Amino acid sequence: MKIGLEVHVGLPTKTKLFCRCKAYATEPNTAICPICTGLPGAKPMLNKKALEISVDISNALNCIIEKETSFVRKVYFYPDLPKSFQITQKDMSVGHSGNLKINNKTVRIRRIQLEEDPAKILREDNYTLIDYNRSGQPLVEIVTEPDINSEEELKLFMNELKSILYYLGADIDQDIKVDLNISLSDSRVEIKNVTGLKNLIDAAKYEVQRQEKLIQTKQQILQETRSYSEAKLSTISSREKESDEEYGFIFEPDLTVYNLENIKPKEPIYTSIIAKDYSKKYGVSELQLLEIILFDKNSLKIIQTFAGKYEMKAILNALLSFKRYSKSEIKEKIIEKAIQLVQKGSYLDAEVVSALEKGEEININSNIVNTDEIDSEIRSIIKKNKQLLEDYKTNKKAMNSVIGMVLKKFKANPRVISERLEYVLSNEFKV
Ligand SMILES: [Zn+2]
């Protein structure tokens, strides 16, 4: 299985790529002008900030950044494109020949290009609406080589990429649109516009199975573009794939050639490397660390601030409790108190977290427990009573007896035991 991706990321700029219209306006057709609606005679002007961010991304993905970059017109006729061409990049894109390491494997990056988004089409039963607010929004397209060979790698790659983009300031809550190229044979099938990690994995899974079936029954796999239907959990043929010739790429004469030499890229942050280093240095779970910092600048800062000063296990423990029970941003002073409590053996439940946030005094003796010992007791009770797990699937109260059994051995707050039970059940027994 070979999977290549084209990942489209919206850039966090105030204005659009080639005009001064607001980049992300919500009320339809309110952020438009002659340039982004393609009126005759209107000339594009490049947004320098967008160019800078595309250099940041190219640098983070270890791309070669040439001295100069320029744009092309990709010509095609469609209602979302009033100019009848999209301004994009091809041979002189901002970055090329890069790579991203995921675990022990390298996914090569073919190209990173800056381009404008077409308008948004909303289809209703009897009519079609077009919102030109999206026309001209700045996008970076990241094109990989077909180096991804499994669903697991697809997941790792997307998480790593999204984390890098997040730390470079991109808004990853916005839909990142991905085109998937999947080939099991010589024919390449492209699945357009998949959003969300779950959909991406489901679409890849379905398409791989579809192609496998065709190969087993000795049928031909067509080179085509398909779309993914979330409702049907399948891919549907949409059109035969255009070749580059059909797009009629030409140099964009309204824009100049831009110098990239003077743009100093932002230092990228690779959370997977940080998680690996810290896990080795402080003996904590790499996966748990990664989950905490993948998309959370604030937590990363707290970990870096307190690493060495407190036990890493206590720092992570306190962060996890705050992430679970608190909705507001974690403050350094408050979390430091929480870390100190954890180091003294206290358990941070919802009540303690709330009291810490309110600045109340905490009587730590009331909540001192050893969660490792409680967890291990819960684990051994469940393992000895296999029927409990079966009963629990249909009756959530089936586990209440476990709390009683643990209480016989430990003097602890039943609420704490109930929380640990929930934790062990979901993390270790996956129920
Ligand atoms: Zn405009």
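### Re the overall build of the protein chain
Within the protein chain, the secondary structure is distributed over 14 helices and 15 strands. Oriented by its inertia axes, the alpha-carbon framework of the protein chain measures out at about 80 × 55 × 45 Å. Of all 431 residues assigned to the protein chain, the portion counted as buried reaches 31%. Considering only contacts within the protein chain whose residues lie at least 6 apart along the sequence, 65% involve residues at least 24 apart.

### Thoughts on the environment of S185
Summarising the element assignment, S185 is placed in the loop between β10 (177-183) and β11 (189-195). For S185 and M1, which are 184 residues apart along the polypeptide, the C-alpha to C-alpha distance reads 8.5 Å. When residues no more than four places from it in sequence are discounted, the contact partners of S185 are I215 and I221.

### Overview of the nonpolar core
Formed by 57 residues in total, the largest nonpolar core has its most connected members in V9 and L180. Counting residues per element, this core draws most heavily on helix α2 (residues 151-167), which supplies seven residues. For L180, the residues in contact, after removing those within four places along its chain, are I3, L5, I191, V194, L200, A203 and A204. Of all hydrophobic cores here, the second largest spans 32 residues; its members include L289, L316, L356 and I378.

### Overview of the packing of helix α5 (residues 271-282) against helix α6 (residues 286-293)
Direction vectors running N to C along α5 and α6 enclose 140 degrees, while the axes themselves pass 9 Å from each other. Taken together, the axes of α5 and α6 are oblique relative to one another. Here the hand of the crossing between α5 and α6 comes out right-handed. Seen from α5, the contacting residues are T271, S272, I274, A275, K276, Y278 and S279; seen from α6, they are E286, L289, L290 and I293. Residue composition of the contact of α5 with α6, grouped by class: six nonpolar, three polar and two charged.

### Concerning unusual backbone geometry
Negative phi values dominate among residues other than glycine, just as trans dominates among peptide bonds. In this model, N193 sits at a positive phi of 55 degrees, which is unusual for a non-glycine residue. Position of N193 among the secondary structure elements: in strand β11. With 14 C-beta atoms packed within 10 Å, N193 lands in the partly exposed category. At K218, a residue that is not glycine, the phi angle is positive and equals roughly 55 degrees.

### A short note on the pairing of strand β9 (residues 138-144)
Counted residue by residue, β9 has five buried out of seven residues, so it is predominantly covered. Direction of pairing for strand β1 (residues 2-10) relative to β9: antiparallel, over a ladder of five bridges. Residue pairing in the sheet places V9 in a bridge with V140 of β9. Sheet analysis places strand β6 (residues 105-116) next to β9, joined by seven bridges and oriented antiparallel. For Q113, the partnering residue across the bridge sits in β9 and is E141.

### A closer look at the confidence of the model for the protein chain
On average, residues of the protein chain score 90 in pLDDT, and 96% of them reach the 70 mark or higher. Across the protein chain, element-level confidence peaks in strand β2 (residues 68-69) with a mean pLDDT of 98 and bottoms out in helix α4 (residues 244-247) with 71.

### Considerations on the environment of K14
By the element assignment, K14 lies in the loop between β1 and α1 (48-60). By the C-beta count within 10 Å, which is 10 here, K14 ends up exposed. Taking C-alpha positions, K14 is 9.1 Å from K49, a pair spaced 35 residues apart along the chain.

### Description of the domain arrangement of the protein chain
According to the domain assignment, the protein chain consists of domain 1 (2-259), domain 2 (271-367) and domain 3 (371-428). If you average the C-alpha positions of domain 2 and of domain 3, the two centres end up 24 Å apart.

### Some remarks on the sheet that holds strand β14 (residues 250-251)
Strands sit in the order β4-β3-β14 across an open sheet of three strands; the sheet is antiparallel. Only two strands of the sheet have a single neighbouring strand rather than two, namely β4 (85-88) and β14. The sheet contact formed by strand β3 (residues 72-75) and β4 spans four bridges and is antiparallel. Directly across from V75, in β4, lies its bridge partner F85.

### Quick look at the environment of I236
Considering the arrangement of structural elements, one finds I236 in strand β13 (residues 234-240). With 10 C-beta atoms counted inside 10 Å, the residue I236 sits in the exposed group. Note: C-alpha distance between I236 and Y347 (111 residues apart in sequence) is 52 Å. Apart from residues lying up to four places away in sequence, I236 is in contact with R226, S227 and S229.

Each value, and the rule that gives it
Residues numbered from 1 in each chain as written. Predicted model: local features only at pLDDT ≥ 70, side-chain atom pairs only at ≥ 80, totals over all residues. Helix = DSSP H or I, 4+ residues; strand = E, 2+ residues; numbered from the N terminus. Buried ≥ 20, exposed ≤ 12 C-beta atoms within 10 Å, placed from the backbone. Contact = placed C-beta atoms within 7 Å. Core = buried A, V, L, I, M, F, W, Y, C linked by C-beta atoms within 7 Å. Axes fitted to C-alpha atoms, helices over the stretch in contact; angles between N-to-C directions. Parallel < 35°, antiparallel > 145°, perpendicular 65-115°, else oblique. Left-handed = near helix turned anticlockwise from the far one by under 90°. Nonpolar A, V, L, I, M, F, W, Y, C, P; charged D, E, K, R; others polar. Pairing = 2+ DSSP bridges. pLDDT = per-residue confidence, 0-100. Domains from an automatic or database assignment.

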